[in-house]
Structure formats: structure tokens, C-alpha cells
Amino acid sequence: MYTTKDFDYDLPESLIAQTPLKNRAASRLLVLNRKNHQLTDGHFPDIKNYLKAGDALVVNQTRVIPARIFGTKPDTGGHLEVLLLHNIEGNRWETLVKPARRAKVGTEIVFGYQETLRAEIVEELDHGGRIIEFDYQGVFLEILEELGQMPLPPYIKEKLNDPERYQTVYAKENGSAAAPTAGLHFTDQLLAEIKAMGVEIIPLVLHVGLGTFRPVSVDNIADHKMHSEFYQLSHESAERINQVRQAGGDIYAVGTTTVRTLETIASDHQGEIVPSSGWTDIFITPGYEFKAVDHLITNFHLPQSTLMMLVSAFYDREHILSAYQHAVAEEYRFFSFGDAMLIY
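Just so it is clear, the model here is predicted, and its values are computed rather than measured.

Student: Summarise the domain arrangement of the chain; cite the residues concerned and give the values.
Tutor: Here the chain is described as being made up of domain 1 (4–64 + 161–343) and domain 2 (68–149). Computed over C-alpha atoms only, the centres of domain 1 and domain 2 are separated by 31 Å. Listed by partner, the interface residues are 8 residues for domain 1 and 8 residues for domain 2. Each partner contributes to the roughly 650 Å² buried at the junction of domain 1 and domain 2, and carbon and sulfur atoms together form 69% of this total. Counting across the interface, domain 1 meets domain 2 through 1 residue pair in polar contact (both at pLDDT 80 or more). For the side of domain 1 that touches domain 2, the secondary-structure elements that each account for two or more residues are β11 (173–176) and α3 (210–213). When the residues that make up the side of domain 1 that touches domain 2 are grouped by side-chain class, the tally is 4 nonpolar, 3 polar and 1 charged.

As C-alpha cells, then:
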């Protein structure tokens, strides 16, 4: 069995992209051909050279909410940072709170100059998170828009001037704590050109939460437990995907979140794609047999992460690590605002 260190690689900090490119589609594209094991350097619009009429591009329409909010404890004045992961029910949210040692059950937190948002920590979770119950007047998302910040990953130190650059152009359904970053490279124009080629563009939703970016803290990857994330595939989208598959077209998944959604549904229904919604904690590692996805468009992932394990399962560990060494040598830009990879 693989260990977490088997998915490590050396990355100079200078290659971690701190800001998005002026033009989304100007990103570079590294193509990994699984049949002949060739690597091809190019730019993201080259994706059109691999798509053909009758194929489907499946995209995650989730939209990132301004999920990072900063509050104080009214009794001590101590500062707390709260990251909203997902809405459990009503005004209760699963969150991560920093510093955790100050976030005991019963702790009250107020947010905003006029304390327009108040909260109480009602439960501590096994993974270190907290369940918080909020109290407010008005529309919660509107309050978040006023008080919250876009929850950029900790490796991004630069300020994001335009929050929309951490959203895909097709983002629609509010609910994510992080962007499905493989989709950030698409522009409306590029999508229109792809559609004009006869390629179906089919939406689904997976709200990105702790499951996607939680670090692997165990040596044996089999001991890692993924956190559940909510997904949804409509009747229309399921029907369109099945029509493409039946007609011999290929399924291109835009991002690992799309892969996890489609593979969850296919695994639960003997390889079939059916309308579905629910929670997935699928953990895809080498040895997994893919049932729904033919090709993967993805960004470059953090060392020792579950996403490195997923892309290694889609190709193989040795070729993925070799491709990453090539990307480092060629000075590709890494992570959320970085360049893209097509595993073909």
C-alpha cells in the first residue's frame, strides 16, 4: 500500500501562482498522453485540439461564498477567524475556527462593526471543526457579502483585487468554501467555441468543502478518511451524459470535483449515471477503476494531497510525478491560480 510520502515532490515557492493571469485562457497547458506517455507543452485554448464533436465537457457550477469571516469574543475581546464549510440545517454551519483553543463549546462570537451577525459554538467535531449556530436579521448571504472575504488558500499571500477571478465564469450555485480551480481557465468565448465544435457542456454541482483540501495526516493512505461534500446531478444532465456515452463520445471532467461526483454516482449505480444528489466521501487512490470519466482537465496539486493521489490513480504515480518534474523544470505556475494539465 502507498504511503503519503509516495506522492511528494519538490516545488520551489516561486512557482506558486499568487495572482490570476489577466486573461483566464492565457494559462499554459501540459498534456499527458496515457497511450504513448508523451508530454506536450502548450496553452489552454489548445484543449480544442483534443475535443471532438460528440464529446462532453462536464463542469462544476458551484459558486464560492465569502466564507471567511472575522469576529471577536464579546467577553474577552479575543479575535477569532471562522471559515464556513457547509450549511447543516437552518442557521447551523460546520466551520473551522482559528485559533481552535479559544473556540470552546458555548463560546459566543460577534461579527461586524455593529454586531450584525452573532454566533455560538455548539459542538466540537472529531476533525477539529466546530458547529456554529448563527443569529441575525435579514438574508444570511447578503450579510456574508458585506462581512466576509473570499476564502483563498493559505499559500496565496497576495490580495485578490477582483473576487470574481476566484469564480468560474459558469459559477451559479452558492455553497463552496473553495473554487473548483480547473474551471478558472475557461472564458465565455472559449466555451462558445467549444460548443460550436459540437461538444456538449454539461453542468453538475459539488460544493467544495473540507474533503477537498484537508491535509493527509496519516502515513498509510488507506487510513485517511475523506470528509463528506454535497453533490447534485440533475435529470437533464444525467440524460445528456448518457446520450454522449451511448453515442461513443468521450467524457471530459473539468476538475477533480467533477471526477468525484461522476465516480460517486457510477460507483453507487453499477457504472450507470443517474440523476442523484447527496454526500460523497469518495477517496480515489491508485488501483481505483474509473467508471465514468475518460479524460481529466485539472490544475497542479499540492504535494502529498488527496488530489495528487486522485490524478495518480487516473494515470499512474510514476508518470504523474515525472510530469510534475517536467512542469517544475519548465516553470509552470502551480496551484489555484496556476496553469492546467490535460490527462488525455
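Student: Would you mind going over the nonpolar core in detail, with residue names and values included?
Tutor: Tyr166, Leu262, Ile273, Phe334 and Ile343 are the most contacted members of the largest nonpolar core, which totals 64 residues. Ignoring any residue separated from it by four or fewer positions in sequence, one finds Ile343 in contact with Leu32, Arg34, His295, Leu296, Val311, Phe314, Tyr315 and Ile320. Grouped together as the second largest cluster of nonpolar side chains are 23 residues, Leu84, Ile109, Phe134 and Leu210 included.

Student: Which residues make up the pairing of strand β2 (residues 39–43), and what values go with them?
Tutor: Examined bridge by bridge, strand β1 (residues 28–32) and β2 share 5 bridges and lie antiparallel to one another. Paired with Leu30 across the bridge in β2 is Asp41. Hairpin remark: β1 followed by β2, antiparallel, with 6 residues in the connecting loop; positive phi at His37, about 65°.

Student: I'd like to hear about the packing of aromatic side chains, residue by residue, with values.
Tutor: Inspection of every chain in the model, using the stated rule, returns 19 aromatic pairs. Relative to Phe334, the ring of Tyr9 has its centre 6.1 Å away and its plane inclined at 35°; by these criteria the two rings are tilted. Linking Tyr9 in the segment before β1 with Phe334 in the loop between α7 (317–329) and β17 (340–343), this pair joins segments that are 325 residues apart in sequence. An identical accessibility class is assigned to Tyr9 and Phe334; each is buried. Arranged with centres 5.6 Å apart and planes meeting at 65°, the rings of Phe230 and Trp279 form a pair that is edge-to-face. Taken together, the residues Phe230 in strand β13 (residues 229–233) and Trp279 in strand β15 (residues 276–280) connect sequence positions 49 residues apart. Overall, the relative accessible area of 24% leaves Phe230 in the partly exposed class.

Student: Describe in detail the sheet that holds strand β14 (residues 251–254), supporting the description with residues and values.
Tutor: The 9 strands are arranged β2-β1-β17-β16-β14-β3-β12-β13-β15 in an open sheet whose pairing can be described as mixed. Only two strands of the sheet have a single neighbouring strand rather than two, namely β2 and β15. Each adjacent strand pair in this sheet contributes to an overall mean axis angle of 20°, direction not counted. As paired strands, β13 and β15 are joined by 5 bridges and run antiparallel to one another. Within β15, the residue paired with Leu233 across the bridge is Ser276.

Student: Lay out the sheet that holds strand β5 (residues 68–72) with the relevant residues and their values.
Tutor: Strand order in the closed barrel formed by 6 strands is β5-β6-β7-β10-β9-β8, with antiparallel pairing between adjacent strands. In this sheet, neighbouring strand axes are inclined to one another by 45° on average, regardless of whether the strands run parallel or antiparallel.

Student: Describe in detail the layout of surface pockets, supporting the description with residues and values.
Tutor: The calculated volume of the second largest pocket comes to roughly 440 Å³. What lines the second largest pocket is a set of 21 residues, among which Gln149, Met150, Leu152, Leu160 and Pro163 lie closest to the centre. Every element with two or more residues in the lining of the second largest pocket is listed here: β4 (62–64) and β5. Taken together, the residues of the lining of the second largest pocket break down into 9 nonpolar, 5 polar and 7 charged. The residue makeup of the lining of the second largest pocket includes at least three contributed by each of domain 1 (4–64 + 161–343) and domain 2 (68–149).

Student: Talk me through the pairing of strand β8 (residues 108–111); I want residue IDs and the actual numbers.
Tutor: Across 2 bridges, the pairing between β5 and β8 is antiparallel. Across the sheet, residue Gly71 finds its bridge partner in β8, namely Phe111. What sits between β8 and strand β9 (residues 117–124) in their antiparallel hairpin is a turn of 5 residues, with Gly112 showing a positive phi close to 90°.

Student: Could you give an account of empty space enclosed by the protein, with specific residues and numbers?
Tutor: Going through the model one piece at a time under the given rule, you end up with 2 cavities of 30 Å³ or more. Taken as a whole, the largest cavity spans an internal volume of roughly 80 Å³. Taken together, Pro20, Leu21, Arg24, Ser27, Arg165, Leu184, His185, Ser336, Phe337 and Gly338 make up the full set of residues lining the largest cavity. By residue class, the composition of the lining of the largest cavity is 4 nonpolar, 4 polar and 2 charged. Roughly 40 Å³ of internal volume is contained in the second largest cavity. Taken together, Met226, Arg260, Ile282, Phe283, Ile284, Thr306, Leu307 and Leu310 make up the full set of residues lining the second largest cavity. The residue inventory of the lining of the second largest cavity, partitioned by class, reads 6 nonpolar, 1 polar and 1 charged.

What counts as what
- Residues numbered from 1 in each chain as written.
- Predicted model: local features only at pLDDT ≥ 70, side-chain atom pairs only at ≥ 80, totals over all residues.
- Heavy atoms only, no water.
- Domains from an automatic or database assignment.
- Contact = heavy atoms within 4.5 Å.
- Buried area = accessible area lost by both parts, 1.4 Å probe.
- Polar contact = N/O pair within 3.5 Å; in protein donor to acceptor, adjacent residues only side chain to side chain.
- Helix = DSSP H or I, 4+ residues; strand = E, 2+ residues; numbered from the N terminus.
- Nonpolar A, V, L, I, M, F, W, Y, C, P; charged D, E, K, R; others polar.
- Core = buried A, V, L, I, M, F, W, Y, C linked by side-chain atoms within 4.5 Å.
- Buried < 20%, exposed > 50% of the residue type's maximum accessible area, 1.4 Å probe, protein only.
- Pairing = 2+ DSSP bridges.
- Phe/Tyr/Trp six-rings, centres within 6.5 Å; stacked < 30°, edge-to-face > 60°.
- Axes fitted to C-alpha atoms, helices over the stretch in contact; angles between N-to-C directions.
- 1 Å grid on protein atoms, 1.4 Å probe; cavity = no way out; pocket = protein on both sides within 12 Å on 5 of 7 lines; lining within 4 Å.
- Points joined across faces, edges and corners; volume = space filled by probe spheres on them.

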